[in-house]
Amino acid sequence: MIDILTGLFLLAGAGFVMIAAIGIVRLPDLLTRMHASTKAGTLGALLVLVGLAFHQGTGEVVSKAVATALFLLLTAPIAAHMIGRAHARLIQKLKPKSGA
């Protein structure tokens, strides 16, 4: 039963990571690419970590998987925000000044 759960989590995680990769390649602008990479990529990585924790089952591996998951959940939104903010500032800087 654990092997089936492990396989399901790993396949689902790999599927979400593949969706994120396709989104990065196919989507038209930075903000939509960033959305695909942060949402689907983070979910895919978390599912792979859950599959790894089920497969190994030791306390050491589970604690490292939980620590990695918390790190991903804390840093992915901050990174996406900073990339979006830098993009918005760049676009604002490139706009021609009206009224001159």
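In what follows, the accompanying structure is described. All values derive from a computational prediction rather than experimental measurement.

## Section: the pattern of salt bridges
Within the structure shown, the criterion is met by 1 salt bridge. Between Glu60 and Lys64 there is a salt bridge; the shortest N-O distance is 3.4 Å. Linking Glu60 with Lys64, this pair stays in helix H3 (residues 59–94), spanning 4 residues, or about one helical turn.

## Examining the packing of helix H1 (residues 2–26) against helix H2 (residues 30–56)
Axis angle and axis distance: for two packed helices, these are the angle between their axes and the distance between the axes, and together they describe the pair. H2 packs onto H1 with a crossing angle of 165° between their chain directions and a minimal axis gap of 7 Å. Our classification of the angle between H1 and H2 gives roughly antiparallel. Handedness of the crossing formed by H1 with H2: left-handed.

## Describing the nonpolar core
In this structure, Leu46, Leu49, Ala53, Ala65 and Ala69 together form the largest nonpolar core, which totals 5 residues. Contributing elements (two or more residues each) for this core: H2 and H3. Ala53 has contacts with Val62 and Ala65, leaving out every residue within four places of it along the chain.

Calculation criteria
In this numbering scheme, every chain counts its residues from 1 along its sequence in written order. Under the rules for a predicted model, residues below a pLDDT of 70 receive no local features and side-chain atom pairs below 80 are neither given nor counted, while totals for whole chains, interfaces and linings still include all residues. Note that the side-chain values use all heavy atoms of the structure and ignore hydrogens as well as water. Think of a salt bridge as a Lys or Arg side-chain nitrogen and an Asp or Glu carboxyl oxygen that are within 4 Å of each other. Numbering goes from the N terminus for both helices and strands, where a helix is a DSSP run of H or I of at least four residues and a strand is a run of E of at least two. Working convention: axes come from line fits to C-alpha atoms, limited for helices to the stretch in contact. Angles between N-to-C directions cover 0 to 180 degrees. With respect to orientation, any angle under 35 degrees is reported as roughly parallel, any angle over 145 as roughly antiparallel, any angle of 65 to 115 as roughly perpendicular, and every other angle as oblique. Rotating anticlockwise by less than a right angle from the far helix to the near helix defines a left-handed crossing, while the corresponding clockwise rotation defines a right-handed one. In this text, buried Ala, Val, Leu, Ile, Met, Phe, Trp, Tyr and Cys residues form a nonpolar core when linked through side-chain atoms within 4.5 Å. Think of it in three bands: with a 1.4 Å probe and only protein chains considered, a residue is buried below 20% of the maximum accessible area for its type, exposed above 50%, and partly exposed in between. Any pair of residues with heavy atoms lying within 4.5 Å of one another is described as a contacting pair.

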